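# Geometric and topological summary
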There are 2 protein chains.
Amino acid sequence: MSEFDLIDRLKQIASPALPVLTGIGDDAAVTVHDGPTATSVDAVVEGVHFNLAWSSPLQIAQKAVGTALSDIAAMAADAGEVYVTLGVPAGSPRAFLEELTDGFAEASASLGAVLAGGDTVSSPVMFVSVTAVGRAPADEQLILRSGAREGDLVAVTGEFGGACAGLALLAQPELEEVIELSPGLREALVLRQLAPRPRLEAGRAMRGSGVSAMIDVSDGLAADLGHMARASGVAIEIDQNRVPVQEGVPEVADARGRDVVDMALAGGEDYELAFTLPPDALATVEGRIAPLGCGLSVIGKVLSGSGVTVAVAGRRESPPAGFDHFG
Amino acid sequence: MSEFDLIDRLKQIASPALPVLTGIGDDAAVTVHDGPTATSVDAVVEGVHFNLAWSSPLQIAQKAVGTALSDIAAMAADAGEVYVTLGVPAGSPRAFLEELTDGFAEASASLGAVLAGGDTVSSPVMFVSVTAVGRAPADEQLILRSGAREGDLVAVTGEFGGACAGLALLAQPELEEVIELSPGLREALVLRQLAPRPRLEAGRAMRGSGVSAMIDVSDGLAADLGHMARASGVAIEIDQNRVPVQEGVPEVADARGRDVVDMALAGGEDYELAFTLPPDALATVEGRIAPLGCGLSVIGKVLSGSGVTVAVAGRRESPPAGFDHFG
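Criteria and cut-off values
- Residues numbered from 1 in each chain as written.
- Chains lettered and ligands numbered in written order.
- Predicted model: local features only at pLDDT ≥ 70, side-chain atom pairs only at ≥ 80, totals over all residues.
- Heavy atoms only, no water.
- Contact = heavy atoms within 4.5 Å.
- Buried area = accessible area lost by both parts, 1.4 Å probe.
- Salt bridge = Lys/Arg side-chain N within 4 Å of Asp/Glu carboxyl O.
- Polar contact = N/O pair within 3.5 Å; in protein donor to acceptor, adjacent residues only side chain to side chain.
- Helix = DSSP H or I, 4+ residues; strand = E, 2+ residues; numbered from the N terminus.
- Nonpolar A, V, L, I, M, F, W, Y, C, P; charged D, E, K, R; others polar.
- Pairing = 2+ DSSP bridges.
- Domains from an automatic or database assignment.
- Expected span 1.5 Å × (residues − 1).
- Buried < 20%, exposed > 50% of the residue type's maximum accessible area, 1.4 Å probe, protein only.
- Axes fitted to C-alpha atoms, helices over the stretch in contact; angles between N-to-C directions.
- Parallel < 35°, antiparallel > 145°, perpendicular 65-115°, else oblique.
- Left-handed = near helix turned anticlockwise from the far one by under 90°.

## Some words on the interface of chain A and chain B
At the junction of the two partners, chain A supplies 55 residues and chain B supplies 55 residues. In total, chain A and chain B occlude about 4,100 Å² of area from one another, counting both sides; carbon and sulfur atoms represent 56% of this. In this structure, the connection of chain A to chain B is made through 0 salt bridges. Summed over the shared surface of chain A and chain B, the number is 2 residue pairs in polar contact (both at pLDDT 80 or more). For the side of chain A that touches chain B, the element with the highest residue contribution is strand 3 (residues 36-45) of chain A, accounting for 9 residues. By residue class, the composition of the side of chain A that touches chain B is 26 nonpolar, 17 polar and 12 charged. Bridge analysis of strand 3 of chain A against strand 2 (residues 29-32) of chain B gives 4 bridges, and the strand direction is antiparallel. Considered in strand 2 of chain B, the bridge of Thr37 of chain A is made with Thr31 of chain B.

## Looking at the domain arrangement of chain A
All names here are of chain A. Per the domain assignment, the segments making up chain A are domain 1 (3-140) and domain 2 (153-326). Where domain 1 abuts domain 2, roughly 1,800 Å² becomes buried across the two surfaces, and 59% of that area is made up of carbon and sulfur atoms. Seen at the junction of domain 1 and domain 2, the total is 3 salt bridges. With a closest N to O distance of 2.8 Å, Glu269 and Lys63 form a salt bridge. Where domain 1 meets domain 2, there are 8 residue pairs in polar contact (both at pLDDT 80 or more). For the side of domain 1 that touches domain 2, the secondary structure elements donating two or more residues are helix 2 (57-73) and strand 4 (78-88).

## Some words on the side chain of Arg207 of chain A
Residues and elements named next belong to chain A. Residue placement: Arg207 occurs in the loop between helix 6 (200-205) and strand 8 (213-216). Among the polar contacts listed, one links the side chain of Arg207 to the backbone oxygen of Arg135, at a separation of 3.4 Å. Not counting residues up to four positions away in its chain, the partners in contact with Arg207 are Ala76, Ala77, Asp78, Arg135, Ala136, Pro137, Gln141, Ile143 and Arg288.

## Some points on helix 2 (residues 57-73) of chain B
Taking 1.5 Å per residue as the helical rise, helix 2 of chain B with its 17 residues ought to reach 24 Å, and the 24 Å between its terminal C-alpha atoms agrees with that figure. Helix 2 of chain B sits mainly inside the fold: 15 of its 17 residues count as buried.

## Some thoughts on the pairing of strand 8 (residues 213-216) of chain B
Residue and element names in this part refer to chain B. The alternating pattern of strand 8 places Ala213 and Ile215 and Met214 and Asp216 on opposite faces, both of which are buried. Examined bridge by bridge, strand 8 and strand 10 (residues 273-277) share 4 bridges and lie antiparallel to one another. Of the residues in strand 10, the one forming a bridge with Ala213 is Thr276.

## A few points about the packing of helix 2 of chain B against helix 3 (residues 94-110) of chain B
Residues and elements named next belong to chain B. The contact between helix 2 and helix 3 brings their axes to 7 Å, and the two run at 40°. Considering their axes alone, helix 2 and helix 3 lie oblique with respect to each other. The crossing of helix 2 and helix 3 is right-handed. Contacts from Pro57, Leu58, Ile60, Ala61, Gln62 and Val65 of helix 2 reach helix 3 at Phe96, Glu99, Leu100, Gly103, Phe104, Glu106, Ala107 and Ser108. Its residues placed into classes, the contact of helix 2 with helix 3 shows 9 nonpolar, 3 polar and 2 charged.

## A few points about the packing of helix 4 (residues 162-171) of chain B against helix 5 (residues 183-194) of chain B
What describes two packed helices is the angle between their axes and the distance between those same axes. All names here are of chain B. One way to put it is that helix 4 packs onto helix 5 with a least axis distance of 7 Å and a crossing angle of 100°. As far as their axial angle goes, helix 5 and helix 4 are roughly perpendicular. Residue-level inspection shows Gly162, Ala163, Ala165, Gly166, Leu167, Leu169 and Leu170 of helix 4 in contact with helix 5, the latter providing Arg186, Leu189, Val190, Arg192, Gln193 and Leu194. Its residues assigned to classes, the contact of helix 4 with helix 5 shows 8 nonpolar, 3 polar and 2 charged.

Right, dumping it as structure tokens:
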């Protein structure tokens, strides 16, 4: 399958829907929009972020597109266009590449985005680089990392540790001989790793709710709260007992001899949202998140100072080993 | 140098100029613009599009950013924002990565663009994926590939074969023992390969000039005219004696036992513009291009039918072997 065949296929499947006037097949895609756009770039690399032995082509596309749109969710923006650059090793099977290119369109559409452009290049290792564009009616509705203020609460959507536990199950199949997980529970952990779903609806629901800062959890909850604390010029303290842990994660952590809190705080790739808000905005935000079914947990508070600390049974200490290098 | 150090450096050097409200360091870059945007994605991969043995870090950045902005030039758009994703092998020297990240800002600024966002990922092979955004006051001012009409002339900016000849000189140093090239001529060919400059000024000058279709020459002149012919539903005939060949290319072609016309038509990576226009628009376009110093050559005409043919001394034949697979 040549590069031009692949681009043809991308062209056929890319949605011609407005606001994309000219999509794949010209030198550039043309869009017409007024108002602010949020643009994020991200990439996944074979052997680093995905593994051809574990992921279907659709799942590779879901992870690449999903992680890029997670940044758009964290801005409280609506999903707009998605652009994909695919690095393809020579000799990649045609059927695989067709499923992958179809997967970009499917993954984009399932998240309310439009696959608007793409390119392919030869590469010794497969990679997918995704540019995601989001929009909001006015720029003050976008939520940055830098708005956390002393006295705010720290909250998260969803549950943590699942993507890391799922990776452990995939990479160490022997673990499953010592862990008793129902097939449904195992599947949920593994899918968390292979095909993360960004919290676009939850992110958008924060718009105008009083949420002061927001970030998506890709590097790990403690690391990403560290990014937020640094951008906002504040300290963040979280209570480790309040961090919601996904079902099945304690069993996997146990079997690996790893602390479950460490797995939840440092594991990364959960693509939940972490955000701060004044206490008097909590009822509003809870009311908006409740119908979405993803859950909301208050896990800490914003203090003056810098850095992230983890309180254990009321006692403050540094983050556990394993993520303290994230600062 | 950790991923976060690199992102910090990108953040420091990325221009905070409007229209970028929030650049590197948040989840996404926020821009505010009315009107049409043209977005193109492209990537360069170590060992495929650049070679660490030949290119300085700044040249790698210049090639990555330059080739992406060449697509913006081919739309007749103004350069806007540039977003970079860098795949970094473990153990890459810190000084190299610093020069490379600085190079993205420098290369963008030198072409009138703003480095507005970036990300780094671990990768076994170095790659740079670039998203380039261009703008125009109105979408009808953007020039697509699909507007060529029977009776139009086919024209190009600049000269061809240089990037291919430069690559030959780099890859086969023994060639230089049999070719007598002045150091200045050699340098010009090699720089054409290592640090191509997109024709942004020439592209923009075509706006509203009557130019009916435009494409940048990345795959090779014959191949790219083929893309244009297909998008426009026409045939294109070019006169091989009218294709401008860069000085020094005939000597390199000779030494390699390759036909010079083949090298000019199929070599690729020259990043000139190829375009079509009605004959009565030629004087206008010539008048606009003349002050830019890049030259303009009429090399053929648009016919009914499909495909690209090359006329040799008035006789029409198929393209020479070596690019006929580009169809």
